[in-house]
Amino acid sequence: MCFRTLCCKGPPTPRPEYDLVCIGLTGSGKTSLLSRLCSEATDNIGPTTGFSIKAVPFQNAILNVKELGGADSIKKYWSRYYQGSQGVVFILDSASTDEDLELARTELHSALQHPQLCTLPFLILANHQDKPAARTTQEIKKYFELEPLARGKSWILEGSSVDNMDAVKQSFTQLIELLEDKDQDTGRI
């Protein structure tokens, strides 16, 4: 009986795939977090020039993440890569200078209001929580004015660090749940 079940069951049902765009300033840790999620080495990681795409496997979905470089010369082209995205990952350096934090705030506000992104689920990761100067997620939420700005939108704000990948995976799992909810709301299969 057991062999028959294994043999005749057929292939497993395919996992849904979601296309995400990942944005944030240079140095926020986008590449390091995504590489660690894919079990890749993080030695010798430099700033992303242009974009890269990673397929990040999870038990219940595959996330095709298009990571966009965060340099000033690249940020002006971000919106050209938004089309087809089903969700957004915004990564910020929670231990950055006040000036860089203000730039990150401006970019996040712009993304939350962009016509191609404003209805999509957002995962906001306050990265580098392992650093002494890191601001808490509550401080980030207040400073970025997320409650009034993101009212009515599906969004998650979590702390992150490459030293705690279990928490990062849990944050992405929450995003997958938002993506699944959005699929059910729109009747997509």
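Keep in mind the model is a prediction, meaning the values are calculated, not measured.

Thresholds, definitions, all that
Residues numbered from 1 in each chain as written. Predicted model: local features only at pLDDT ≥ 70, side-chain atom pairs only at ≥ 80, totals over all residues. Heavy atoms only, no water. Helix = DSSP H or I, 4+ residues; strand = E, 2+ residues; numbered from the N terminus. Buried < 20%, exposed > 50% of the residue type's maximum accessible area, 1.4 Å probe, protein only. Contact = heavy atoms within 4.5 Å. UniProt positions renumbered as here; feature names shortened; annotations may be inferred.

Secondary structure assignment for the chain yields 7 helices and 6 strands. When the helices and strands of the chain are placed in sequence order, the string is α-β-α-β-β-α-β-α-β-α-α-β-α. The buried share of the chain, reckoned over its 189 residues, is 45%. Across the chain, contacts joining residues at least 24 apart in sequence account for 72% of those joining residues at least 6 apart.

Moving on: the UniProt feature "binding site: Mg(2+)" (unreviewed entry) in the chain. Using the residue numbers shown here, the UniProt feature "binding site: Mg(2+)" (unreviewed entry) corresponds to T31 and T48. Sequence-wise these annotated residues cover 18 residues; spatially they are packed, their C-alpha atoms never more than 7.3 Å apart. Mapped onto the fold, T31 is located in helix 2 (residues 30-37). The residues contacting T31, other than those within four sequence positions of it, are I45, T48 and E67. With respect to the helices and strands, the residue T48 is situated in the loop between helix 2 and strand 2 (51-57). We classify T48 as buried; its relative accessible area is 16%. Apart from the residues lying within four places of it in its own chain, the contact partners of T48 are T31, E67, G69, G70 and I74.

Another aspect to go through is unusual backbone geometry. Here the phi dihedral of S39 falls at roughly 60°; this positive angle occurs in a residue that is not glycine. Considering the arrangement of structural elements, one finds S39 in the loop between helix 2 and strand 2. Residue classification places S39 among the exposed positions, given a relative accessible area of 69%. Although it is not a glycine, E145 sits at a positive phi angle of roughly 55°. By the secondary structure assignment, E145 is in the loop between helix 5 (137-143) and helix 6 (146-149).

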